[in-house]
Amino acid sequence: MRDVFVATGVGEAEREAPEFIAGTRPGEFAYAPIRSIDRVTNEPRTEEELVEMEDDLRRLQESQAARAAQTRRMTLLPDPEPVIVEPLPDFDPAIEPARP
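Below is a summary of the structure that appears in this document.

### As for the overall build of the protein
And then number 1: Each helix and strand in the protein was counted, giving three helices and zero strands.
And then number 2: Sequence-ordered secondary structure for the protein, helices as α and strands as β, is α-α-α.
And then number 3: A compact globule built from 100 residues should have a C-alpha radius of gyration of about 13 Å, whereas the protein, at 37 Å, is more than 25% larger.
And then number 4: When each of the 100 residues of the protein is scored for burial, the buried share is 0%.
And then number 5: Only carbon and sulfur atoms are counted for the fraction: they give 57% of the accessible area of the protein, which is about 11100 Å².
And then number 6: If the 12 positive side-chain charges of the protein are averaged to one point and the 22 negative ones to another, these points end up 3 Å apart.

### Notes on the environment of V85
And then number 1: Structurally, V85 can be placed in the segment after α3 (47-76).
And then number 2: Sequence separation between V85 and E49 is 36 residues; the distance between their C-alpha atoms is 58 Å.

### Thoughts on the environment of E43
And then number 1: Position of E43 among the secondary structure elements: in the loop between α2 (19-22) and α3.
And then number 2: Among the residues examined, E43 registers a relative accessible area of 53% and is labelled exposed.
And then number 3: Remark: the alpha-carbon pair of E43 and L77, spanning 34 residues in sequence, is separated by 51 Å.

### As for the pattern of salt bridges
And then number 1: Here the structure, examined in full by the defined rule, presents two salt bridges.
And then number 2: Between D55 and R58 there is a salt bridge, with its nearest N and O atoms 3.5 Å apart. One end of the pair, D55, and the other, R58, are both in helix α3, three residues apart, so they sit about a helical turn from each other.
And then number 3: The partner of R59 in a salt bridge is D56, with the nearest N and O atoms 2.8 Å apart. Separated by three residues within a single helix, R59 and D56 lie in helix α3, roughly one turn from each other.

### Observations regarding a nonpolar patch on the surface
And then number 1: Together, M1, F5 and V10 line one region of the surface with nonpolar side chains, adding up to about 370 Å² of accessible area.
And then number 2: With respect to the secondary-structure elements, M1 resides in the segment before α1 (2-8).
And then number 3: Here M1 falls in the exposed class, since its relative accessible area comes to 76%.

Quick notes on the rules
- Residues numbered from 1 in each chain as written.
- Predicted model: local features only at pLDDT ≥ 70, side-chain atom pairs only at ≥ 80, totals over all residues.
- Heavy atoms only, no water.
- Helix = DSSP H or I, 4+ residues; strand = E, 2+ residues; numbered from the N terminus.
- Rg over C-alpha atoms; globule rule 2.2 N^0.38 Å.
- Buried < 20%, exposed > 50% of the residue type's maximum accessible area, 1.4 Å probe, protein only.
- Areas by Shrake-Rupley, 256 points an atom, 1.4 Å probe, with all protein chains shown as cover.
- Lys, Arg positive; Asp, Glu negative; His and termini not counted.
- Charge placed at Lys NZ, Arg CZ, Asp CG, Glu CD.
- Salt bridge = Lys/Arg side-chain N within 4 Å of Asp/Glu carboxyl O.
- Patch = residues over 30% accessible without salt bridge, like charges linked within 9 Å, V, L, I, M, F, W, Y side chains within 5 Å.

Note that all results are geometric; they support no functional claim without further evidence.
Take a look at the structure:
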């Protein structure tokens with residue numbers, strides 16, 4: 001795409017990198033592995049672990065279902081009555097404030 005812009009006079013041709021940048025770059029870029037895979041941690045789970053995981057998920061599902069039911073019940077309740085606050089008495093500047 002750059003060649004098209006350069007040929008039409010709109011774009012600028014690719015410039016050579018300055019010497020201090022070109023000198024610090026390696027000849028070829030190679031991908032380094034992110035991490036090694038530890039085969040011990042990637043073993044399949046045992047039957048007991050799977051049963052325990054299923055129990056944990058079932059408990060979590062039941063607690064979330066209970067919270068959802070509670071929320072549904074709360075939305076069906078009527079709106080609460082507004083709180084009525086009596087107005088404060090008028091401020092009388094002639095009254096001295098109480099001092100300890």
